[in-house]
Amino acid sequence: MELAGIFKYFYELLVSTGLPQVWVDIIAMVAAAVIIFGFLAVCALFLVWWERKVSAHIQQRFGPMRTGWHGWRQTIADAIKLIQKEDITPMTADRAVFYWAPIMCFVAAFAVYVVMPFGDGLIVSDLNVGILYVVAITSFTIISLLMAGWGSNNKYALLGGMRSAAQVVSYEIPMVVTICSVVLFVGSLSMVDIVQSQAQIYQWYIFRLPFGPIAFIIYIITGTAETNRTPFDLPEAEQELVAGFNVEYSGMKFAMFFLAEFVNMFTVSAIGTTLFLGGWQGPFLPSWMWFLGKTLVLVFILMWFRWTYPRLRVDQLMEFSWKFLLPLSFANLILAGLMKYSGWFNW
Amino acid sequence: MSEIDKLQTEEFVLNMGPHHPSTHGVCRFVLKMEGEVIKDVEPVVGYLHRALEKICENRTYAQIIPVTDRFEYCTSMSCNMAFALAVEKLAAMEIPERAQYLRIIMLELNRIASHLIWFGTTALDLGAITPFLYGFREREFILDLFEMTCGQRLTYNYIRVGGVARDIPTQFVPKCREFLNIFDACVDDYERLLTENVIFVVRNKNVGVLPPEKAIAWGVSGPALRASGVKHDLRRDDPYCIYDRFDFEIPTCQNGDCYDRYIIRIKEMRESAKIVRQALDKLPEGETRAKVKMVFKPPAGEVYSRIENSRGEMGMYVISDGSTKPVRVKMRGGSYNQLQVIPEITRGHKIADLVAIMASMDVIMPEVDR
Amino acid sequence: MDREQLIKYIQDKFPGKVTLLDCGRVEPFFKVELGFLKEFCQAIRDDTTLGMDYLCNIAGVDSGEHYEVVYSVASVKNKIRFDFKIFPERENPAIDSVIDVWPGANWYEREVWELYGINITGHPSLKRFLLPDDWNQGHPMRKNWDAPDFVRMPEN
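Quick look at the structure, then. (Residues numbered from 1 in each chain as written. Chains lettered and ligands numbered in written order. Predicted model: local features only at pLDDT ≥ 70, side-chain atom pairs only at ≥ 80, totals over all residues. Heavy atoms only, no water.)

1. Points about the overall build of chain B
Note the cut-off: Each helix is a run of DSSP H or I of at least 4 residues and each strand a run of E of at least 2, with the numbering of both proceeding from the N terminus. When we talk radius of gyration, it's over C-alpha atoms, and the globule rule is simply 2.2 Å times the number of residues to the 0.38. Any residue under 20% of the maximum accessible area for its type is buried, any over 50% is exposed, and the rest in between are partly exposed; the area is computed with a 1.4 Å probe on protein chains only. The contact rule is simple, with two residues in contact once any of their heavy atoms fall within 4.5 Å. In this tally Asp and Glu are treated as negative and Lys and Arg as positive; neither His nor the chain ends contributes. For charged residues, the charge sits on one atom: NZ in Lys, CZ in Arg, CG in Asp, CD in Glu.
Counting its secondary structure elements, chain B contains 15 helices and 8 strands. For a compact globule of 370 residues, the expected C-alpha radius of gyration is about 21 Å, and chain B comes in at 22 Å, within 12% of that figure. In chain B, buried positions account for 65% of the 370 residues. Within chain B, residue pairs in contact and separated by at least 24 positions form 72% of the contacts whose partners lie at least 6 positions apart. Separation between the mean location of the 48 positive side-chain charges and that of the 51 negative ones in chain B comes to 5 Å.

This is the structure:
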């Protein structure tokens, strides 16, 4: 049951109506945007529920149980509650910055999905700079966090914003270097090319010894840091900074940060799947199912981290990135280059 | 002069608390910061001041016991005990054997319960949420035992002047043994979660180092003192009740940092379980309360008595003038001195370390503010 | 060192300045002359036989007729414990600070100052401690203190 075929059928239906090509493109684009938006909204709601269940079971409790089967309606109720809440802007806040920060965070989180290869042929636009686009867009989140920290005019928020800026800047570098080592093998930045170069399981980059597993681990670590989750959740460290950058936000604006966090988590896992786990490649099942399945496994690993580890201190976090991850990722890049050049392990 | 040189940095004053997730009650720290680094700390207390000492002056001795419950609500049994002990010293009272053993059982169970709260909140303050739930799961067992005994889960009013309020129910001993049987495995569980967790270790090692001389001079007591390498435990050094009849270790560490304070408390939980086991084995039959007159008047005099609480030395200074009400009751808790020393060991650390230090000192605010 | 030896030792060491009080059933209780406090504390801490390095408690007392300040000290090393008290004057009570001897005395002295109105000479920061910052209703632990009626404080 390939979804790409269904979409293709509707597209051809649209063309056959005889509309001018411009209109066809516009309608197709709007439809794609709406579908992606709907998918991500549902996905974020599902992840919130799932995180609550995972955390509950790790902590030997049940989590939400009263609203529907195993409490599946809980996050819907939460979302409705958040929408209804009063939207408070502090008197001393920088209003414009304060207002735009969550929107920017939200938009940045969603814009990545333009190049996300959900399945065979199931991609909005196969840009030839795909992975570069992803790296560029995800960095946008950081500006919104800084804006939130500065605009709130709150000391905790400012500390949180500063921390997240420092953190994301230092973790971006090992991440990009690691992604480079994969791109080196593929020889292309396009997401579809990356997936297609891993047609068989032994071709998945995670199994390309020795560089693959290291690259994958570095990617997961930096990805956790990029999404500001435990053990790297310093920007919103609730025991030190109360809630960090989003301490002054309420209602829908808070919900935007909240949803963006979960969407970002899904993004990191999805990119990880694409780069290392063969994307939508897999036998028997439709390609989009493979993609979703692999991504959710990675999401589960991120959740597992969160409910197991304590939080690092800010200087230890920096040390870990600059003194350990960065040299390791460069060594890994060199290793990958040597492998590519010599032709070993190039199955 | 370039643009950069013209920029000035200034000290940044952060009010941490009184309503802050990790100040354990309502304490306020006025932090003078330079970026993330703390230059100076000033604890501001008094938000939980309930004038307990003044209230005690207008109550009879029996009425004071429930007031002491509120002094340090994580270990109410110890508070009852400290006060009852002081009054018994004044009146030179003989306590029945069974009551003595029941007191030991309750005190040690309460120490475990208190350490379990500490375990949960320490992990929580460092960002790990799961251990909190684990600690509270076992604490629930102990609270059930207390509820079975005295009907209360937090403010027990169980240890009275002259003995204990009432005998334990028949299911208590088997239930308690059942708990002790699983408890060691539970502590192993906790240790697996945190003790060798790399992140936990780097967050705690060499943070908030308290040298032994400083600890003694500042009046730090209990696990925090023993973590600095001073083998001082009032259960051994100034024995009260019948602690001299039990066989238990007093764990000590050397470095006096947050990690050592963690290790000490974990070991202490095991030792407490050991004491409870011995006490259950030896528990004699008999009366649970000495004869105390309805209108109780201890002879005139004054006494300072102290016991080893889970947070250090808990002292009660009682003055009696021979009437039904005391002239003065002064309560002294371990947290008081532990909080006092925090500025000394926090300067130069990061803001996240203050949270770790506060957690490792196990400060609880009602004990400070009274 | 048992109780009798301790009493004898202290009385021999500080003749005339320290007297034994007959209160307290277990540990000995001494009375120290008002001006001698700091010297006494220094001496008992530095004395090798006593070594009272640990300050357990400082409690202010108002017995109705006079004020007292009670110090409970202990030795971690030698396992000795005793108490001593001093009697500040009724009018304008003041005592010396012992922070130099035991730094832990800081907050206890602040508390005595705030709740009993006994001035602590030489204390670095006598600021409001347990009571609200704008408290102006006297020293509540004194026996002659009347609780003010509960009225809502005016908003600023």
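2. Notes on a nonpolar patch on the surface
All names here are of chain A. To keep things clear, this is the line we draw: In this scheme, patches are assembled from residues that exceed 30% relative accessible area and form no salt bridge. Like charges are connected within 9 Å, while nonpolar side chains (Val, Leu, Ile, Met, Phe, Trp, Tyr) are connected within 5 Å. All accessibility values rest on the Shrake-Rupley procedure with a 1.4 Å probe; residue burial counts only the protein chains present in the view. Note on definitions: salt bridges are taken to be side-chain nitrogens of Lys or Arg within 4 Å of carboxyl oxygens of Asp or Glu.
A cluster of nonpolar side chains, namely Leu19, Val22, Trp23, Ile26, Ile27, Val30 and Val34, defines an oily patch on the protein surface of about 640 Å² accessible area. With respect to the element layout, Val34 can be found in helix α2 (residues 21–58). Judged by relative accessible area, which is 54%, Val34 ranks as exposed.

3. A few points about the environment of Gln63 of chain B
Structurally, the position occupied by Gln63 of chain B is in helix α3 (residues 61–69). Between the alpha carbons of Gln63 of chain B and Asn157 of chain B there is a distance of 9.8 Å; along the sequence they are 94 residues apart.

4. Comments concerning the packing of aromatic side chains
Quick note on the threshold: Put simply, two rings from Phe, Tyr or Trp (the six-membered ring, in Trp's case) pair if the centres are within 6.5 Å, and we call them stacked under 30 degrees between planes, edge-to-face over 60, tilted for the rest.
Evaluated as defined, the whole model comprises 49 aromatic pairs over all chains. Summarising the aromatic geometry, the rings of Tyr249 of chain A and Phe257 of chain A are spaced 5.0 Å apart at their centres and angled 75 degrees between planes, so their arrangement reads as edge-to-face. The pair formed by Tyr249 of chain A and Phe257 of chain A is uniform in burial state, with each residue classed as buried. Measuring from centroid to centroid gives 5.8 Å for Phe14 of chain C and Phe36 of chain C, while their planes differ by 70 degrees, and the two rings are edge-to-face. With Phe14 of chain C in the loop between α1 (3–13) and β1 (18–21) and Phe36 of chain C in the loop between β2 (29–32) and α2 (37–46), this pair connects stretches of sequence that are 22 residues apart.

5. With respect to the packing of helix α13 (residues 334–346) of chain B against helix α3 (residues 105–116) of chain C
Counted only if it meets this: Angular values range over 0 to 180 degrees, each being the angle between N-to-C directions of two axes fitted as lines to C-alpha atoms, with helices fitted over their stretch in contact. In these notes the angle categories are as follows: under 35 degrees is roughly parallel, over 145 is roughly antiparallel, 65 to 115 is roughly perpendicular, and the rest is oblique. The residue classification treats Ala, Val, Leu, Ile, Met, Phe, Trp, Tyr, Cys and Pro as nonpolar and Asp, Glu, Lys and Arg as charged. All others, Gly included, are polar.
Closest axis-to-axis distance for the α13 of chain B/α3 of chain C pair is 9 Å, and the angle between their directions is 110 degrees. Classed by the angle they form, the pair α13 of chain B and α3 of chain C counts as roughly perpendicular. Along the contact surface, α13 of chain B presents Tyr336, Asn337, Leu339 and Gln340 of chain B, while α3 of chain C presents Ala105, Asn106, Trp107, Tyr108 and Glu111 of chain C. For the contact of α13 of chain B with α3 of chain C, the per-class residue count stands at 5 nonpolar, 3 polar and 1 charged.

6. Structural notes on the environment of Tyr205 of chain A
Residue and element names in this part refer to chain A. Residue position: Tyr205 is located in the loop between α8 (191–196) and α9 (211–226). Assessed through its relative accessible area of 2%, Tyr205 is described here as buried. For Tyr205 and Gly278, which are 73 residues apart along the polypeptide, the C-alpha to C-alpha distance reads 7.5 Å. The contact partners of Tyr205, leaving out residues within four places of it in the chain, are Val182, Phe185, Val186, Ile194, Ser197, Gln198, Phe211, Gly212, Leu275 and Phe276.

7. Concerning the interface of chain A and chain B
We count it as follows: Accessible area that two parts lose when put together, evaluated with a 1.4 Å probe and summed over both, is termed the buried area. Here a polar contact is recorded for every N or O atom pair within 3.5 Å, except that within protein the pair must consist of a potential hydrogen donor and a potential acceptor, and residues adjacent in sequence are included only if both atoms are side-chain atoms.
Counting from both sides, the interface comprises 24 residues of chain A and, opposite them, 34 residues of chain B. For the chain A and chain B pair, buried surface summed over both sides reaches about 2600 Å², with 60% attributable to carbon and sulfur atoms. Area buried by chain A at its contact with chain B is led by Gln239, Pro310 and Arg313 of chain A, which between them contribute 25% of it. Counting across the chain A and chain B interface gives 1 salt bridge. For Asp353 of chain B, the salt bridge identified is with Arg313 of chain A, shortest N-O distance 2.8 Å. On inspection of chain A and its partner chain B, the count reaches 10 residue pairs in polar contact (both at pLDDT 80 or more). When contributions to the side of chain A that touches chain B are tallied by element, the ones reaching two or more residues are α7 (155–186), α10 (238–241) and α13 (314–342) of chain A. Ranked by residue count, the leading element in the side of chain A that touches chain B is α7 of chain A, at 4 residues.

8. Description of the side chain of Asp353 of chain B
Take Asp353 of chain B: it is sitting in helix α14 (residues 351–361). Taking relative accessible area as the criterion, Asp353 of chain B reaches 1% and is therefore assigned buried. Ignoring anything within four residues of it in the chain, the contact list for Asp353 of chain B reads Arg313 of chain A together with Arg203 and Val207 of chain B.

9. Here's the deal with the side chain of Glu108 of chain B
All names here are of chain B. Along the chain, Glu108 turns up in helix α5 (residues 97–125). Given the relative accessible area of 0%, Glu108 is considered buried. Polar side-chain contacts of Glu108 include one of 2.9 Å to the side chain of Ser272.

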